[in-house]
Structure formats: structure tokens, C-alpha cells
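# Topology and contacts: notes
Now for the letters of each chain:
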Amino acid sequence: MSQTDNIFSIPLDKIDSFSFDQQVVQVFPDMIKRSVPGYENIINSIAVITQRCAVDNSNLYDLGCSLGAATLSMRRGLSDKAGCQIISVDNSSAMVESCKQHIHAYKSDIPVSVLQDDICNIKIENASVVVLNFTLQFLTPEKRLSLLTNIYNGLLPGGVLVLSEKFIFDDPKSHQLLIDLHLDFKRSQGYSELEISQKRSSLDNVLISDTVEQHYQRLQQAGFQHNDLWYQCFNFGSILSIK
Ligand code: GEK
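Bear in mind the structure is a predicted one, so any value in this text is a computation, not a measurement. (Residues numbered from 1 in each chain as written. Predicted model: local features only at pLDDT ≥ 70, side-chain atom pairs only at ≥ 80, totals over all residues. Heavy atoms only, no water.)

## Re the overall build of the chain
Filter applied, for reference: Helix and strand definitions follow DSSP, with helices as H or I runs of at least four residues and strands as E runs of at least two, each counted in order from the N terminus. Within these notes, the globule rule equals 2.2 Å times the number of residues to the 0.38 power, and the radius of gyration is based on C-alpha atoms. A 1.4 Å probe rolled over the protein chains alone gives each residue an accessible area, and that area as a share of the maximum for its type sets the label: buried under 20%, exposed over 50%, partly exposed in between. Two residues form a contact once any of their heavy atoms are found within 4.5 Å.
From N to C terminus, the chain includes eight helices and seven strands. In terms of overall dimensions, the chain is globule-like: its C-alpha atoms have a radius of gyration of 18 Å, near the 18 Å expected for 243 residues. Along the three orthogonal principal directions, the C-alpha set of the chain runs to about 50 × 40 × 30 Å. Across the 243 residues in the chain, those meeting the buried criterion constitute 51%. A separation threshold of at least 6 residues defines the contact pool for the chain, and within that pool the share at least 24 residues apart is 78%.

## Notes on the sheet that holds strand β6 (residues 226-233)
Defined as follows: Paired strands, in this sense, are two strands between which DSSP finds at least two bridges. With axes taken as lines fitted to C-alpha atoms, and helix axes fitted only over the stretch in contact, angles between N-to-C directions fall between 0 and 180 degrees.
Spatially, the seven strands line up as an open sheet ordered β3-β2-β1-β4-β5-β7-β6, and their pairing is mixed. Two strands close off the open sheet at either side, each with one partner strand: β3 (112-116) and β6. Adjacent strand axes in the sheet meet at a mean angle of 15° when their direction is disregarded. Where strand β2 (residues 85-90) meets β3, five bridges bridge the pair, whose relative direction is parallel. When the sheet's bridge partners are listed, Ile 87 is paired in β3 with Ser 113. Here helix α3 (residues 69-77) sits on the sheet in contact with β1 (59-63), β2, β3 and β4 (127-133), set at roughly 160° to β1.

Taken by themselves, the reported measurements are silent on function.
Below you can see the structure in the form of C-alpha cells.
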């Protein structure tokens, strides 16, 4: 069972950079659901996207899998496919440990390999669906294009990338309103002003967001010609890119 996220609820003398350690793993399902508006919609829709876009005898990748929520959703979407396997990758050992237990708690004949590695080291091949669900934003910006190029090259024709991210916006008024709406969402989920501000400091320089336009440009540079938002809630959203 996931515990309630109260990591930032007491005043901290020193706020360390956010990291996906054991303390975060223990509260992660609660943390992401209460911090990312639309997270559950996106997870549930990944099954629907998988059902339509996965093909028999292909690989599916969940890059930055955390506890495997998107992996389990992809696996639900594969029920009528044959010969598929899912490769789920995260570089946090605490996440990978917990992810393995979580995935193996559910019965299925579809093989899942959970690997502890940097997603930049993974060879993508014979892929029909690749998911980057709120992970690209944690890579240093210089590494993002080569990862997307690797994904494009490893996708089969017609294969898809689901790229979910926190966005920034060029228009200052829209940007401020969408940020404020996100903060209201966090307040409505029971986070205090102290928790919100300490978490924000901890994510400084760790989570680096782009505009939707910057994502489209980078995806095009990587080779993707068909890129569109299929979901957005405030400053969080998800792009579907088709090879
Ligand atoms: C979900 N997708 O529940 N290589 C591998 N893993 C990485 C790297 C990297 N270079 N950088 C960060 N991570 C999940 C949620 S969380 C998003 C993804 C969030 C991992 C990191 O360890 C963490 O588990 C995940 O990416 C980001 O659908 O917490 O906002």
C-alpha cells in the first residue's frame, strides 16, 4: 500500500535536490496522483493507445517506469496481441526493486523485463509503442534529442511514442494562469503552502520543462513528422508522435 506523501510537510533546514530514493518510492503513487493533474487519465489511456497501436511480435518500452503504472496499463492493452514483450527501464535502484515486486503481483502471460539503467543506454528495437511518461523532463536538455532519435530509429513504421510532460508557455499571461491552476490543484489535493514551496525548491534544476513548440521541434529533428497533443490538463499534457 502506498503511504501518504508528507515528505515536505515539516520545515527543512536544507532542501536537497529531488531524487527518486527509497523515501520517495514509499509515497510515490500518492505523490504523483496528487501532483500531476490528469495522471490517472493518462495512465488509463495508455492501455487504449496500446490496444490500437501495438502489433504482434513487437517490443513495447516504458522508459522511466517508476513503479510500473504505465507498464501495467500497456500490458492490459496487449490482451489480444501475440508475441509481445514489455521492457521497463528506470535508473533508480529503489524504484526498480519496488517495480519488480509490483508488476509480479499481477498475473499475466505477457513478459515484462524491468531493467535498472539510464534510458539513454537502452537500444530500442522492433518497437510498436514507446512511453516516456513524465521522464524526458528529468534528462539534461542536451541528452533529449539523441534519446528521441534512438526511439524514432527503433520504432516500426506506424509505431507510436507517448510523451507526457510538464510544460511551460511562451505567453506570460497563459503561463502564469496555468501554473496557478496547477497550484490550486495541489492545494485541493491537501498539500500545504509549505509543502508546495519546499517541493518546488527541491525540483529546481532537476525538472526542466519545455514549451509544447520546443517538443514538436525536437521531435521533428528526431524524425517524427506526426506530432500532436492528445491530452492536456493545465500545464501538464501528453503528445502522441507517430513514425
Ligand atoms: C509513471 N513513468 O508512473 N534513466 C532512467 N530513468 C530515469 C532517468 C534516466 N536518465 N531520469 C529519471 N528517471 C512513471 C513516472 S517519474 C515522473 C515517471 C515524476 C526516472 C526516475 O527515477 C523516475 O522514476 C522517473 O524517471 C520519473 O508513469 O515523478 O514526476
